[in-house]
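Read off the chains here:
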Amino acid sequence: MLLAVDAGNTNVVFALVDAGNIRARWRIATDPRRTADEYAVWLNQLLTLEGFAMSDVDAVIIATVVPRALHNLEVLSTKYFKVEPLIAGQPPVAWGIALDVDEPASVGADRVVNVIAAHHLYKCDLIVIDFGTATTFDVVDYGGTYKGGIIAPGINLSLDALVSAAAKLPRIAIAAPDDRSVIGRTTEAQMQIGVFWGYVAMIEGLVARMRAEIGRPVRVISTGGLAVLFDEHTDIFDAIAPDLTIQGLALMHGRI
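Here is a short report on the structure shown in this document. Note that the structure is predicted; figures quoted are calculated from it, not measured. (Residues numbered from 1 in each chain as written. Predicted model: local features only at pLDDT ≥ 70, side-chain atom pairs only at ≥ 80, totals over all residues. Heavy atoms only, no water.)

### Overview of the packing of helix H3 (residues 109-121) against helix H7 (residues 244-254)
How two helices pack is summed up by the angle between their axes together with the distance between the axes.
Here is step 1: Contact geometry of H3 with H7 gives a least axis separation of 7 Å together with a crossing angle of 80°. By the angle class used here, H3 and H7 are roughly perpendicular. Facing H3, whose interface residues are Val113, Asn114, Ile116, Ala117, Ala118, His120 and Leu121, H7 presents Leu244, Thr245, Gln247, Gly248, Leu249, Leu251 and Met252.
Here is step 2: In the contact of H3 with H7, the residues fall into nine nonpolar, five polar and no charged. (Axes fitted to C-alpha atoms, helices over the stretch in contact; angles between N-to-C directions. Helix = DSSP H or I, 4+ residues; strand = E, 2+ residues; numbered from the N terminus. Parallel < 35°, antiparallel > 145°, perpendicular 65-115°, else oblique. Contact = heavy atoms within 4.5 Å. Nonpolar A, V, L, I, M, F, W, Y, C, P; charged D, E, K, R; others polar.)

Here's what the structure looks like:
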């Protein structure tokens, strides 16, 4: 089976993929100092709980936006899974799509992998929104060419900045307000309205501007941990694809 690894700024996601089907997935906080040995102990226990063994893994593919985390993940693959890992975007795992932007080398691996998977699923003009540490909006055209996008602060990052910069504001949970009113009567309610409905308004506003600029019918695909929460309070998304990055990694591995 394939072990697909998505190393993001906040979490590292490991997924066991068998013939294109995700059999299990786990996540751990991203820490570039975490050693291959620590990863191995943690993964071995989780594989056992799911009825698998480390010997079931015969291939590893990694996408990362945290360069310092890559070395230990490579050591994990070679030392404990006995395979040379494939690195998304590096030979022999080329992207396989055109990156029609001014600085192709600077596009995050997770974003390219997402649009590869999205185009495979929906062969039309697409906006792919990923709710991660940052919220990214990526455009891929009907031919599968990546055209660019937007990077915005993630909602948790925005809330952290607000709370850390304002001494008297409390920490609140990321959740939809109890009612549709946008006039809060307590500090907590006002913060929740500002963070949640403000974020919904940003998403809807940016997508509207992107649709107008694209000038053709476009589908909006959402992924990331908060996609389902926002989907309950806006009709902007055409589909939710929670495992888009892992699906993209599996597709790239399948091309080798």
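### Regarding the layout of surface pockets
Here is step 1: Put simply, the largest pocket is a space of about 920 Å³.
Here is step 2: Forming the walls of the largest pocket are 34 residues, and the residues nearest its centre are Asp130, Phe131, Gly132, Thr133 and Gly224.
Here is step 3: Mapped onto the lining of the largest pocket, the elements with two or more residues apiece are strand S2 (11-18), strand S3 (21-29), H3, strand S6 (126-131), strand S7 (134-140), helix H4 (155-165), strand S9 (219-224) and H7.
Here is step 4: The class makeup of the residues in the lining of the largest pocket is eleven nonpolar, 15 polar and eight charged. (1 Å grid on protein atoms, 1.4 Å probe; cavity = no way out; pocket = protein on both sides within 12 Å on 5 of 7 lines; lining within 4 Å. Points joined across faces, edges and corners; volume = space filled by probe spheres on them.)

### A closer look at the packing of H4 against helix H5 (residues 187-214)
Here is step 1: At their nearest, the axes of H4 and H5 sit 11 Å apart, and the two run at 150° to each other. Judged by the inter-axis angle, H4 sits roughly antiparallel to H5. The way H4 lies across H5 gives a crossing that is right-handed. In contact with Ile155, Ser158, Leu159, Leu162 and Val163 of H4, H5 contributes Met191, Val195 and Tyr199.
Here is step 2: Here the residues of the contact of H4 with H5 sort into seven nonpolar, one polar and no charged. (Left-handed = near helix turned anticlockwise from the far one by under 90°.)

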